[in-house]
Amino acid sequence: MQDDLDTIKTRILAATAAANSLESLERVRVEALGRKGRITALMKGLGAMDPETRKSAGAALNVLKDDVAAAIEARQEDLAGATLDARLMEEKVDVTLPVRAEGRGRVHPITQTIDEVIAIFGEMGFTVAEGPDIEDDWHNFTALNIPPEHPARQEHDTFYLPGMAGGHRRVLRTHTSPVQIRTMGEQKPPLRIIVPGRTYRCDYDATHSPMFHQVEGLVVDETTHMGHLKGCLIEFCRAYFGVEDLPVRFRPSYFPFTEPSAEVDIGCTRAGGAFRIGHGDDWLEILGCGMVHPKVLENCGIDAARYQGFAFGLGVERIAMLKYGIGDLRTFFESDLRWLRHYGFPALHIPSMVGGLNP
Amino acid sequence: MKVPLSWLKDHLDTDAPVDEIARRLTMVGLEVEEVIDRSHGLAGFVVARVLTAEPHPNADRLTVCRVDTGSATTQVVCGAANARAGMLGVFAAAGAVIPGTGMRLKKASIRGVESNGMLLSAREVGLSDEHEGIIELPGDAPVGAPAAGVMGLSDPVIDIAVTPNRGDCLGIRGIARDLSAAGLGTLKPVDADPVPGTFRSPIAVDLQFDAECADACPYFVGRAIRGVKNAESPGWLRDKLGAVGLRPISALVDITNYLTIGLCRPLHVFDADKVGGDLHVRLARAGESLPALNGKVYELDAGMTVIADDHGAEALGGVIGGERTGCTADSVNIFVESALFDPVRTAATGRKLNLMSDARYRFERGIDPAFLVDGMEIATRLILDLCGGEPSQLVIAGAEPPPRRPIALRPGRVGTFGGADVPAHEVERILTALGFTIDKDGETLTVGVPSWRSDIVGEACLIEEVVRIHGYDRIPALPLERTTPLPHPARAPEQRRRAAAGRVLAGRGLVEAVTLSFIASGDAALFGGAPESTHLVNPISSELDVMRPSVLPNLIAACGSNADRGAADAALFEVGPQYAGDEPQDQATVAAGVRAGRTGPRNWADSPRPVDVFDAKGDVLAVLAALGAPSESLRVSADAPPWYHPGRSGTVRLGPKTVLACFGEIHPGVLGKMDVKGPIAGFEVFLDHLPKLRARKSAAKPHLELSPLQPVERDFAFVVDEDVAADAVLAAARGADKSLIAEVRVFDVFSGGNVGAGKKSLAINVTLQPTEKTLTDAEIDAVARKVVASVEKATGGTLRT
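Residues numbered from 1 in each chain as written. Chains lettered and ligands numbered in written order. Predicted model: local features only at pLDDT ≥ 70, side-chain atom pairs only at ≥ 80, totals over all residues.

Participant: What should I look at first to understand the overall build of chain B in this one?
Facilitator: Of the regular secondary structure elements, chain B holds 20 helices and 40 strands. Considering only C-alpha atoms, chain B reaches an extent of 130 × 85 × 55 Å along its principal axes. Counting the 801 residues in chain B, one finds 43% classified as buried. By sequence separation, contacts in chain B at least 24 residues apart represent 69% of the contacts at least 6 residues apart. (Helix = DSSP H or I, 4+ residues; strand = E, 2+ residues; numbered from the N terminus. Buried ≥ 20, exposed ≤ 12 C-beta atoms within 10 Å, placed from the backbone. Contact = placed C-beta atoms within 7 Å.)

Participant: Sorry if this is basic, but what is going on with the overall build of chain A here?
Facilitator: Secondary structure assignment for chain A yields 12 helices and 11 strands. Taken over C-alpha atoms, the radius of gyration comes to 41 Å for chain A, far larger than the 21 Å a tight globule of 359 residues would show. Projected onto its principal axes, the C-alpha positions of chain A cover 130 × 50 × 45 Å. A separation threshold of at least 6 residues defines the contact pool for chain A, and within that pool the share at least 24 residues apart is 66%. (Rg over C-alpha atoms; globule rule 2.2 N^0.38 Å.)

Participant: Looking at this model, I keep getting lost on the pairing of strand β6 (residues 211-221) of chain A. Mind explaining?
Facilitator: The side chains of a regular strand alternate between the sheet's two faces. Residues and elements named next belong to chain A. Most of β6 sits out of view: 9 of its 11 residues are buried. Note that strand β5 (residues 191-200) and β6 share 10 bridges and pair antiparallel. Directly across from arginine 192, in β6, lies its bridge partner valine 219. Sheet analysis places β6 next to strand β11 (residues 308-315), joined by 8 bridges and oriented antiparallel. Each residue of the ladder has a partner; that of valine 220, found in β11, is glycine 309. (Pairing = 2+ DSSP bridges.)

Participant: Hey, could you run me through the domain arrangement of chain B in this one?
Facilitator: One frequently used descriptor of interface size is the decrease in accessible area upon assembly of the parts. Assigned domains within chain B: domain 1 (2-38 + 156-187), domain 2 (46-150), domain 3 (205-398), domain 4 (407-474), domain 5 (493-689) and domain 6 (712-799). The straight-line distance from the C-alpha centre of domain 5 of chain B to that of domain 6 of chain B is 34 Å. (Domains from an automatic or database assignment.)

Participant: Even after reading the chapter, I still don't get helix α7 (residues 251-263) of chain B, so can you show me in this structure?
Facilitator: Three- or four-residue spacings in an α-helix give side chains the same orientation, since the helix completes a turn every 3.6 residues. All names here are of chain B. Compared with the 18 Å implied by 1.5 Å per residue over 13 residues, the 17 Å span of α7 between its first and last C-alpha is a close match. Across the 13 residues that make up α7, a large majority, 13, are buried. In the stretch just after α7, cysteine 264 is the one whose phi turns positive, near 55 degrees. (Expected span 1.5 Å × (residues − 1).)

Participant: How should the interface of chain B and chain A be read in this particular structure?
Facilitator: Contacts between chain B and chain A engage 88 residues on the former and 73 residues on the latter. At the level of secondary structure, the elements contributing two or more residues to the side of chain B that touches chain A comprise α2 (18-27), α8 (343-353), α13 (459-470), α14 (493-507), β28 (511-512), α16 (552-564) and β31 (571-579) of chain B. When residues in the side of chain B that touches chain A are grouped by element, the largest group, 7 residues, is from α14 of chain B. For the side of chain B that touches chain A, a count of residues per class yields 46 nonpolar, 26 polar and 16 charged. (Nonpolar A, V, L, I, M, F, W, Y, C, P; charged D, E, K, R; others polar.)

Participant: Before we go on, may I ask you to explain the sheet that holds strand β3 (residues 31-36) of chain B in this structure?
Facilitator: The pairing of strands in a sheet comes from backbone hydrogen bonds and takes either a parallel or an antiparallel form. Residues and elements named next belong to chain B. Here 3 strands make up an open sheet; going across it, the order is β1-β11-β3 and the pairing antiparallel. Strand pairing shows two members of the sheet lacking a second neighbour, β1 (2-4) and β3, which therefore form its edges. Across the sheet, the mean angle separating the axes of adjacent strands is 25 degrees when strand polarity is ignored. The pairing of β1 with strand β11 (residues 157-161) spans 3 bridges and is antiparallel. Bridge pairing links proline 4 to valine 157 in β11. (Axes fitted to C-alpha atoms, helices over the stretch in contact; angles between N-to-C directions.)

Participant: Where do I start with the nonpolar core in this structure?
Facilitator: Proteins that are soluble and globular tend to have nonpolar side chains buried together. All names here are of chain B. Within the largest apolar cluster, 251 residues are counted, with the highest numbers of intra-cluster contacts made by Ile334, Val466, Leu555, Cys559, Leu572, Ala591 and Val685. Residue contacts for valine 466: discarding those within four places in its chain leaves Val414, Gly418, Val422, Val427, Ile430 and Leu431. With 30 residues, the next largest nonpolar core counts Val50, Val77, Val90 and Ile134 among its residues. (Core = buried A, V, L, I, M, F, W, Y, C linked by C-beta atoms within 7 Å.)

Participant: In this structure, what is going on with the environment of tyrosine 644 of chain B? I would like to understand it.
Facilitator: All names here are of chain B. Within the secondary structure, tyrosine 644 is located in strand β34 (residues 644-654). Using a count of 26 C-beta atoms within 10 Å as the deciding quantity, one classes tyrosine 644 as buried. When the C-alpha positions of tyrosine 644 and isoleucine 666 are compared, they lie 4.4 Å apart, and in sequence the two are 22 residues distant. Leaving out residues up to four positions away in the same chain, tyrosine 644 has contacts with Ser649, Cys662, Gly664, Glu665, Ile666 and His667.

Participant: So what exactly am I meant to see when it comes to the domain arrangement of chain A here?
Facilitator: According to the domain assignment, chain A contains domain 1 (2-90) and domain 2 (109-343). The C-alpha-based centres of domain 1 of chain A and domain 2 of chain A are spaced at 88 Å.

Participant: Which parts of the structure should I look at to understand the environment of glycine 796 of chain B?
Facilitator: All names here are of chain B. Relative to the helices and strands, glycine 796 is located in the loop between α20 (777-795) and β40 (798-799). Sequence separation between glycine 796 and valine 720 is 76 residues, and the spatial gap between their C-alpha atoms is 6.7 Å. In this view, glycine 796 contacts Val720 and Asp721; residues no more than four positions away in its chain are not counted.

Participant: Whenever I open this one, helix α5 (residues 109-123) of chain A confuses me. Can you help?
Facilitator: Between the first and last C-alpha of α5 of chain A there are 21 Å, a value that for 15 residues agrees with the 21 Å anticipated at 1.5 Å per step. Burial of α5 of chain A is extensive: 14 of the 15 residues sit out of reach of the surface.

Participant: Explanation requested: the pairing of strand β36 (residues 680-686) of chain B in the structure shown.
Facilitator: All names here are of chain B. β36 sits mainly inside the fold: 6 of its 7 residues count as buried. In the sheet, strand β32 (residues 587-596) pairs with β36 via 7 bridges, with the strands oriented antiparallel. Bridge pairing in β36 links glycine 593 to phenylalanine 683. In this structure, strand β35 (residues 658-666) lies alongside β36, joined through 5 bridges in antiparallel fashion.

Participant: Please explain the packing of helix α6 (residues 235-243) of chain B against α7 of chain B as it appears in this structure.
Facilitator: Two quantities define a packed helix pair, namely the angle between the helix axes and the distance between the axes. Residue and element names in this part refer to chain B. At their nearest, the axes of α6 and α7 sit 10 Å apart, and the two run at 55 degrees to each other. Between α6 and α7, the angle falls in the class oblique. Crossing hand, α6 versus α7: left-handed. Every residue of α7 that contacts α6 at Leu237, Lys240 and Leu241 is listed here: Asp254, Asn257 and Tyr258. Considered class by class, the residues forming the contact of α6 with α7 number 3 nonpolar, 1 polar and 2 charged. (Parallel < 35°, antiparallel > 145°, perpendicular 65-115°, else oblique. Left-handed = near helix turned anticlockwise from the far one by under 90°.)

Participant: For this particular structure, what's the right way to read the sheet that holds β36 of chain B?
Facilitator: Residue and element names in this part refer to chain B. What the 7 strands build is an open sheet, ordered β28-β31-β32-β36-β35-β34-β33; its pairing is mixed. Because the sheet does not close on itself, it has two edges, and the strands there are β28 and β33 (634-637). Packing against the sheet, α16 makes contact with β31, β32, β35 and β36, and its axis sits at approximately 25 degrees to β32.

Participant: So what exactly am I meant to see when it comes to the packing of helix α2 (residues 22-33) of chain A against helix α3 (residues 38-45) of chain A here?
Facilitator: All names here are of chain A. For the pair α2 and α3, interaxial distance at closest approach is 3 Å and the crossing angle is 10 degrees. Considered as vectors, α2 and α3 are oriented roughly parallel to each other. Where α2 abuts α3, its residues Glu31, Ala32 and Leu33 lie against Arg38, Ile39 and Thr40. When the residues that make up the contact of α2 with α3 are grouped by side-chain class, the tally is 3 nonpolar, 1 polar and 2 charged.

Pasting the structure below:
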């Protein structure tokens with residue numbers, strides 16, 4: 001009996017191994033284990049045996065059945081795997097083909113730079129204030145302590161509009177400083193604002209654009225002095241340019257709306273013909289600032305005996321050019337896609353102090 | 001302001017090297033733009049004597065010179081007419097580079113005669129434009145000595161950008177005073193002792209002003225000097241003026257320039273013999289004109305101050321002298337003017353006449369009103385020294401304006417305002433060195449302001465004086481104190497929304513542009529037009545003459561220029577202002593965008609298609625969704641401004657009135673007028689029209705109910721009239737059973753074929769989401785019947801079977 005079973009097993013296993021498709025393997029399975037299969041028939045024969053013989057033969061048959069089933073199943077997996085492999089090989093593509101077209105959107109470097117500036121000053125407690133581009137000469141000049149015949153007023157190359165506002169000529173704002181006046185007229189100290197925005201001067205050549213952007217800053221409270229002005233702007237310069245020990249220099253200067261006034265230089269080097277920001281033998285002017293002139297506070301109805309503070313203004317294109325190596329101011333506004341894609345930023349690169357300002 | 005080091009040292013006793021002086025100037029607020037080394041490039045150039053000068057054998061205009069260069073005798077072919085034996089010139093040997101031309105000299109044969117170098121003109125040396133002949137050096141110059149030294153070029157010139165408040169530093173003495181206060185030397189005294197007059201001036205002066213314009217010229221000092229000889233100035237004076245870029249003219253003119261530059265005291269010299277009668281200082285009369293010293297004739301008006309004689313205007317006060325009475329080489333009797341003119345009126349006059357002069361530049365920034373007599377005495381002494389003559393007594397009209405009120409300075413404010421820790425004695429030293437006077441009254445200082453510092457008006461000004469001389473670099477930098485433990489968001493919600501709109505559009509593949517706020521009025525007319533109030537009075541060009549009424553024209557024009565550069569499929573956006581008028585509330589912030597040409601470059605997988613209205617609509621809805629517009633309340637209608645394609649454009653509204661956005665294909669007629677190829681799909685989202693974001697009590701989102709039951713989908717196709725809006729079909733289907741129908745989508749639109757003329761087939765997919773129990777077939781069928789009935793009722797369509 002056992003010899004017979006061994007022979008059967010050998011035969012079935014050989015057939016199993018020989019099956020080279022799922023279909024032929026199924027035939028082997030049916031022949032062995034199907035309802036009319038060889039092993040099924042032997043199982044049926046057990047009923048005719050005496051109990052003793054049945055017990056031992058039954059055990060042997062069960063072993064055989066399990067072994068055969070396991071072998072067939074294993075072979076089935078092999079064959080299924082091979083079939084899948086074959087299909088997958090047929091599905092092969094050339095992965096070096098380019099992907100489907102995707103948008104290559106970009107954020108303009110002016111937007112990015114303003115976002116960076118806001119991220120830094122936001123950390124220092126400044127909030128964003130805004131004002132109109134079409135101003136009047138009271139807000140743009142007179143309230144800022146620039147009377148009509150003042151030489152500084154003539155240097156502004158102002159664009160004029162035909163209308164008047166309360167007896168004052170309409171102008172395109174020449175700087176973001178009029179928003180100081182508007183803010184101080186509407187809010188009470190303490191104030192801590194920055195004002196990004198468009199500004200206009202009637203000048204167009206290689207280094208001037210009739211429109212450009214500034215960020216104004218204003219702090220008014222009872223204690224802020226020039227030491228704070230220095231601290232605030234030094235931290236800004238270092239954070240913005242990403243140079244921790246960037247040399248920052250304050251030089252006395254003149255603006256009608258601040259007193260004392262200063263211009264701020266950062267260290268740079270032109271050694272070897274390459275411009276680099278940081279320690280070096282040269283200085284580069286990047287912004288103007290000063291303590292708010294008491295007359296400006298009084299023009300806004302703020303008690304200059306009690307309140308004081310500082311203001312600053314910086315050119316967005318200028319600091320963007322310096323940081324990102326952009327050579328020509330006019331290219332910012334030419335909407336050349338090649339330029340925009342090169343100097344622009346991915347949509348999700350949103351600057352923040354915790355996430356980082358620099359890519 | 002150009003300051004030769006030697007001239008500075010006339011006023012400042014210092015041993016400091018020029019680099020240290022320049023650094024300190026910058027750090028006290030007198031920003032040095034450049035230290036000009038005028039001897040640069042002249043290292044090998046020497047004084048040479050022309051020994052012989054013979055005509056060139058083969059050329060009429062050339063001279064062959066034997067030249068003694070101190071170390072050798074050599075031959076030079078020279079083209080200058082003034083080359084002659086005995087003269088001293090500037091010699092450059094072969095191999096030298098000529099500064100004026102940048103050329104390297106070579107030994108050459110000129111028309112057959114050997115030339116071993118060159119005798120230079122002023123232009124070739126880089127001194128001036130003078131190219132008439134070669135430079136003639138003074139007869140006592142040592143042959144063979146470096147020419148730069150002999151010509152006074154070894155004296156460096158410091159070029160300073162003087163800020164408009166520092167009129168006093170438009171004289172070299174003012175700059176010297178700042179340096180002495182900063183500890184870089186001692187200010188030398190200036191000799192302004194009176195020169196006694198020996199006779200009464202034949203010319204009198206009167207100030208003819210009404211009370212309301214008396215400040216036009218409140219004070220006038222004059223003096224006649226008779227018997228002068230107006231010759232060429234001596235070398236020292238010509239060198240000084242040459243160093244600051246002024247052309248020496250004659251001793252009298254040069255002396256006035258010398259006082260202007262050195263002491264910031266502009267003067268004018270009349271030829272007394274040409275003055276008819278007395279001088280009257282008055283406002284110009286209508287129709288009066290002045291032939292000025294610069295050869296031009298100026299038409300004057302009643303706002304301008306003139307100095308007139310009996311003939312009429314002879315000089316424009318504080319601006320320029322007149323041709324007729326100006327002094328010349330032949331003048332013998334002169335009248336010198338040292339006057340005070342109103343800064344505002346002087347500035348306005350100069351601007352109106354488009355006339356800048358050294359005098360105007362100084363008067364409009366404020367002249368020392370207490371230096372008229374001193375200036376006159378200094379000038380008199382110089383004139384007597386250089387031109388001889390005999391001075392009259394002074395003629396004085398008006399009076400020196402009273403000194404300004406002293407200013408109170410609380411020394412503690414230097415620290416609490418200026419941020420600098422400056423000891424009390426140092427505060428006093430600095431102010432005194434700058435010419436301020438100090439009266440101590442307890443803690444507070446009563447500070448008298450020097451007459452030349454009209455810019456000092458309050459305590460803050462005094463603090464600036466102290467701190468700038470003390471040094472801004474010595475102010476300790478302090479961090480700004482936090483006003484709250486954590487910073488508040490820097491941007492307000494509406495500002496955040498604007499920033500987000502740009503990021504959303506960039507994320508959708510559009511590239512951000514920033515374009516000018518002004519455009520051509522012709523283009524503006526295509527986009528609703530610019531009102532008269534937004535036309536610039538002084539545009540930089542007719543192409544940029546109005547404030548833009550829409551952001552689109554710039555973006556469309558950019559598509560055109562990019563197409564010209566080979567990038568036809570531009571996708572651009574801008575978040576920026578547009579202007580409906582000149583009031584602040586007329587300015588609106590708009591997120592506008594355009595997509596031009598096709599959806600992308602040709603690609604092996606997806607072929608691109610021309611852009612259309614749905615690209616623009618997609619951009620609009622994406623922006624609105626990202627900014628939190630209530631999407632279920634938005635209504636899209638088929639109307640839009642005329643710059644859009646009338647059949648392929650729409651408007652998104654919130655409620656009946658609030659227009660949130662317009663979108664569509666740009667009207668081909670508009671594109672044609674702008675000369676830009678289409679198609680272009682564009683949009684404008686009016687960010688200011690979005691509902692204000694209200695502060696919410698909680699950031700929590702609404703409770704989420706998730707059904708465990710499987711959703712069921714059913715498709716329907718309706719035949720409706722061509723003009724039935726898909727939106728109506730969707731709304732009707734959605735409304736058929738609000739509790740069960742979760743979503744309705746259009747998946748096919750088809751017309752033609754067997755649908756019938758004037759009809760279209762619209763196929764929709766309806767998702768039912770059971771919430772309580774699985775739906776039976778009967779229940780599903782019931783909902784389906786409700787959908788059909790609702791759509792048919794609302795649209796007049798029929799279910800397609």
